[in-house]
Amino acid sequence: MEKLIGKLVDIFIQEQIIKESDREVYCYCFETIFSRIYFYGTILLIAFLTGNVKVTLVYYLGFLSVRFTAGGYHAHTRLRCYIMSILIYLFNLSLINFTPEKYQAGLCVVVYIIALPLIYALAPVDHVNRPFSAEERAKLKIRSKIAVTFMGLLALVIFNFAPRFAWALSCGTAFAAVSFLIAWCKQRREKYDQEICI
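All values derive from a computational prediction rather than experimental measurement. (Residues numbered from 1 in each chain as written. Predicted model: local features only at pLDDT ≥ 70, side-chain atom pairs only at ≥ 80, totals over all residues. Heavy atoms only, no water.)

1. Side note on helix α1 (residues 2-14)
Then, number 1: Taking 1.5 Å of rise per residue, the 13 residues of α1 would be expected to cover 18 Å, and the 18 Å separating its terminal C-alpha atoms lies within 8% of that figure.
Then, number 2: Along α1, the residues classified as buried are Ile5, Gly6, Val9 and Ile13. Down the axis of α1, the buried set is contained in an arc of 100 degrees. They therefore lie on one face. The exposed set on the far side of α1, more than 90 degrees from its buried face, consists of Lys3, Leu4, Lys7 and Gln14.
Then, number 3: In this fold, the buried residues of α1 make contact with α2 (23-50). (Helix = DSSP H or I, 4+ residues; strand = E, 2+ residues; numbered from the N terminus. Expected span 1.5 Å × (residues − 1). Buried < 20%, exposed > 50% of the residue type's maximum accessible area, 1.4 Å probe, protein only. Arc of directions from axis to C-beta. Contact = heavy atoms within 4.5 Å.)

See below:
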């Protein structure tokens, strides 16, 4: 994919659409765009083939609303990110489809009993390549609290008439919280290691 993107950027440079000095930035942007199209295309294909399109959309509503505001774990390579994300999605799809309905209400409650205080106390977590300013951190802290609270309330409301969708929403929120917690622990460990070295 890198060669294809490089050729595409070279064409834009030759046609004077972009400057040579901006080559790296455009390569990165195109890589990001194409990898997301590839990833979400794969997810939609799996969802379509398994008859889980609506459930998948609800799952990602829960996952992305918390993930984008609270932060989360980042894999070291795009390929590792792709593979891990697909495997996590398949695991969650299995949870959503095979958890007996009689357990779903209790599990939804457990998810939010854990996710709410976790996100309220610790979010957001930034990334070494994109640290937050104090202002950004304050805004994201509020947004992450709103997101996780809204997902909990939404799951509560829709559970009365669509328990499978409430469970899908809860699974999405749960794995966003897990991703956040892994990133938070990793960040704390790295800071601890730096302090020991000094």
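2. Observations regarding the packing of aromatic side chains
Then, number 1: Taken as a whole and assessed by the stated rule, the structure comprises twelve aromatic pairs.
Then, number 2: Aromatic side chains Phe12 and Phe30 sit 5.7 Å apart centroid to centroid with 50 degrees between the ring planes, which places their arrangement in the tilted category. In this pair, Phe12 is assigned in helix α1 and Phe30 in helix α2, connecting sequence segments 18 residues apart.
Then, number 3: Looking at Phe30, the relative accessible area reads 16%, which means it is buried. (Phe/Tyr/Trp six-rings, centres within 6.5 Å; stacked < 30°, edge-to-face > 60°.)

3. Side note on the packing of helix α3 (residues 53-70) against helix α4 (residues 78-98)
Relative placement of two packed helices is described by the angle separating their axes and the distance separating the axes.
Then, number 1: Running from amino to carboxyl end, α3 crosses α4 at an angle of 115 degrees, the nearest separation of the two axes being 11 Å. Considering the angle they form, α3 stands roughly perpendicular to α4. Between α3 and α4 lies a crossing whose hand is right-handed. In this structure, α3 contributes Val55, Thr56, Tyr59 and Tyr60 to the contact, and α4 contributes Ile88, Tyr89, Asn92, Leu93 and Ile96.
Then, number 2: Broken down by class, the residue content of the contact of α3 with α4 amounts to seven nonpolar, two polar and no charged. (Axes fitted to C-alpha atoms, helices over the stretch in contact; angles between N-to-C directions. Parallel < 35°, antiparallel > 145°, perpendicular 65-115°, else oblique. Left-handed = near helix turned anticlockwise from the far one by under 90°. Nonpolar A, V, L, I, M, F, W, Y, C, P; charged D, E, K, R; others polar.)

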